[in-house]
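The residues making up each chain are set out below.
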Amino acid sequence: MEAKNIKFRHVYWNPYFGGLMLGLLIAATFYVTGRGVGATGGTKATVVKIVDVVAPEHTENQEFYSKYVDEDKNPMKNWLVFETLGILIGAFLSGSIKGRVNFRIQHSPKITSKTRLIFALAGGLFFGVGSQLARGCTSGAALSGSTVLSLAGFITMIGIFGTAYLFAYFFRKLWI
Amino acid sequence: MGPLTFNDIISTEWNYVIALLIGLAFGYILEASGFSSSRKLVGVFYGYDFVVIRVFITAVSVAMITLLYLDYLGFLDFSMLYVVPTYINAQVVGSIIMGIGFLMGGFCPGTSLTAVAIGKIDGMVFTGGIWLGIFGFSEAYPYIEDFNNSGYLGNVTIMDYFGINAYTFAFGFAVFAIIAFTVASKIRKNIKEIQY
Amino acid sequence: MQKRYIFLAILFIAMASGLLFLPDMKEKSQIPVDVFLNDIHSNNRHLTSDEIAKRIINGDPMVFLVDVRTVEEYDNYSLPGSINIPLKDILLDDWAGYLDQDIVDVIFYSNDDILSEQAWALCKQLGFKNLYVLDGGLNTWFETIMLPKEPGELASTAAFDLFSFRTGASIYFGSGSTAVAVEAKPVKKKTIPVKKKAKREAEGGC
């Protein structure tokens, strides 16, 4: 047991240092490309692409998809798709250097893995719907949006964190 | 003069390569700061680990100040940067939904990608959930389209809406950041240690 | 709290407060006054009608004619390949892409020099480059190119050469040397070969 604990003991960066690096990265992103980062855009492009492959007529008729599917416009040729790919690679690099890459389910000892997975799925569902409504998630809207002082960025940030604080009590069994 | 791709200092073909590189750095920093661990992320709501607000608020503040300095020195045109459009009703409801989702899933989309990359199955399930959520949303789109587009105010910035000077706001935000960190540290000391 | 965090916090606040005390930078930088006056007094900016005619006929891609008169006057008659920026609009951001560059030669013209000189001065003091003025404006253009005066018997060969050039030019530009009234030729709106600073819409989102 000891050895396992040591292997999984997570040594992370100092959070302020991480924040500094992240802040500089966001600034650099804006400086080079004029836009911020984003996380759900890649998933959305994948959704559109798969639906398009499976049922092309549906995409043409449906308003939501038709914006992204054109004669020659490939929805996967999207800035965010490449960026998402980069996130995966970068995180893998960081994890593997520190020896954190391993298949596992992380959950509080008070619940089972199955419970964790169910709630993970539910959380993802909520985030999928919510991010489309809010035109962004924590990375795209709150982080990048707030950097350029957009109103939406702060609304989203306060909304997400405020709501989570309000309802944290009800979900405490999941985590602590 | 930035943004670089706008004035053809960097051509648009490089855009996707740049996207990849930026994503790479983003994923690396997130994972190295510990955001691939769901229990670490929700610690901010229960008081045992404040890494989220420390990284988040530092990042926003640093980036904001850097960009404003670059704008002042003439290296960047701040007004050309993308401002997320404001849809008040949709965004308030959307962020409430996302807040609940955060509590349930313990991830946000960006961090779930980092979890996927290091093999966390709950991260993969979460990402699958996002996929389904977006799919469901788009199927239901005709019914909620009106709500989705309600409360549109355009690409509004804090300066436009409240009439505050950008520099004043950035300074105020920095002060708020320091206060938040101090409070977080105090709370952290008084909550019992949790092993994860 | 650890000392280094306090130090970092102070540093952070100092950087942020620096923003509050920044002196106001002038929106658009202006060139120094003596340089500007020097340029006014020198005559480098004037291009004669002959020079312009020659360059247009040769299809010089560096020629970029700007008509600073009103829209009605522009539609009535204008030089081929010119665009119309009324003088009152000359400093609008829309036109900065055309005027603030260093690839083609921007040549202002109006009926006589007055408006075009003003346009030149306005753009010059903002530091734009490659700015020129059609000497004498369209009035001189008509007198020299469109309706060239035949030189007298005792004039030099050079004068005769010039006259024949001008006759040819006037035929090229469509009036014919004997026509009195100049017909409004449909002006081909030249596509700008230079990459203008496109005000590209930022894309973004999640």
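In what follows, the structure referred to is the one given above.
One structure accompanies this document, and this report is about it. Just so you know, these numbers come straight off a predicted model, no measurement behind them.

Attention now moves to helix H5 (residues 88–105) of chain B. Residue and element names in this part refer to chain B. The first and last C-alpha atoms of H5 sit 25 Å apart over 18 residues, in line with the 26 Å expected at 1.5 Å per residue. Of all 18 residues in H5, 15 are buried, a share of seventy percent or more. Two residues or fewer past H5, Gly-106 is found with a positive phi of approximately 80 degrees.

Our focus in this paragraph is the interface of chain A and chain B. With 106 residues of chain A in contact, the opposing surface of chain B contributes 112 residues. Looking at the side of chain A that touches chain B, the elements that each hand over two or more residues are helix H2 (15–33), helix H3 (40–54), helix H5 (63–66), helix H6 (79–97), helix H7 (113–133), helix H8 (138–147), helix H9 (151–167) and helix H10 (172–175) of chain A.

This brings us to the packing of H7 of chain A against H5 of chain B. Each packed pair of helices is defined by two parameters, the angle between the axes and the distance between the axes. Packing of H7 of chain A against H5 of chain B leaves a shortest axis separation of 7 Å and a crossing angle of 165 degrees. The angle between the axes of H7 of chain A and H5 of chain B places the two elements in the roughly antiparallel class. Helix-helix and strand crossings are classified by hand; for H7 of chain A and H5 of chain B the assignment is left-handed. Between H7 of chain A, through Phe-119, Ala-120, Ala-122, Gly-123, Gly-124, Phe-126, Phe-127, Val-129, Gly-130, Ser-131 and Leu-133 of chain A, and H5 of chain B, the contact on the second element is made entirely by Ala-90, Gln-91, Val-93, Gly-94, Ser-95, Ile-97, Met-98, Ile-100, Gly-101, Phe-102, Met-104 and Gly-105 of chain B. Of the residues assigned to the contact of H7 of chain A with H5 of chain B, the class counts are 14 nonpolar, nine polar and no charged.

Turning next to H6 of chain A. Over its 19 residues, H6 of chain A runs 27 Å from end to end, which matches the ideal 27 Å to within 8%, given 1.5 Å per residue. Within two residues after H6 of chain A, Gly-99 of chain A carries a phi angle of roughly 75 degrees, on the positive side.

The rules behind these values
- Residues numbered from 1 in each chain as written.
- Chains lettered and ligands numbered in written order.
- Predicted model: local features only at pLDDT ≥ 70, side-chain atom pairs only at ≥ 80, totals over all residues.
- Helix = DSSP H or I, 4+ residues; strand = E, 2+ residues; numbered from the N terminus.
- Expected span 1.5 Å × (residues − 1).
- Buried ≥ 20, exposed ≤ 12 C-beta atoms within 10 Å, placed from the backbone.
- Contact = placed C-beta atoms within 7 Å.
- Axes fitted to C-alpha atoms, helices over the stretch in contact; angles between N-to-C directions.
- Parallel < 35°, antiparallel > 145°, perpendicular 65-115°, else oblique.
- Left-handed = near helix turned anticlockwise from the far one by under 90°.
- Nonpolar A, V, L, I, M, F, W, Y, C, P; charged D, E, K, R; others polar.

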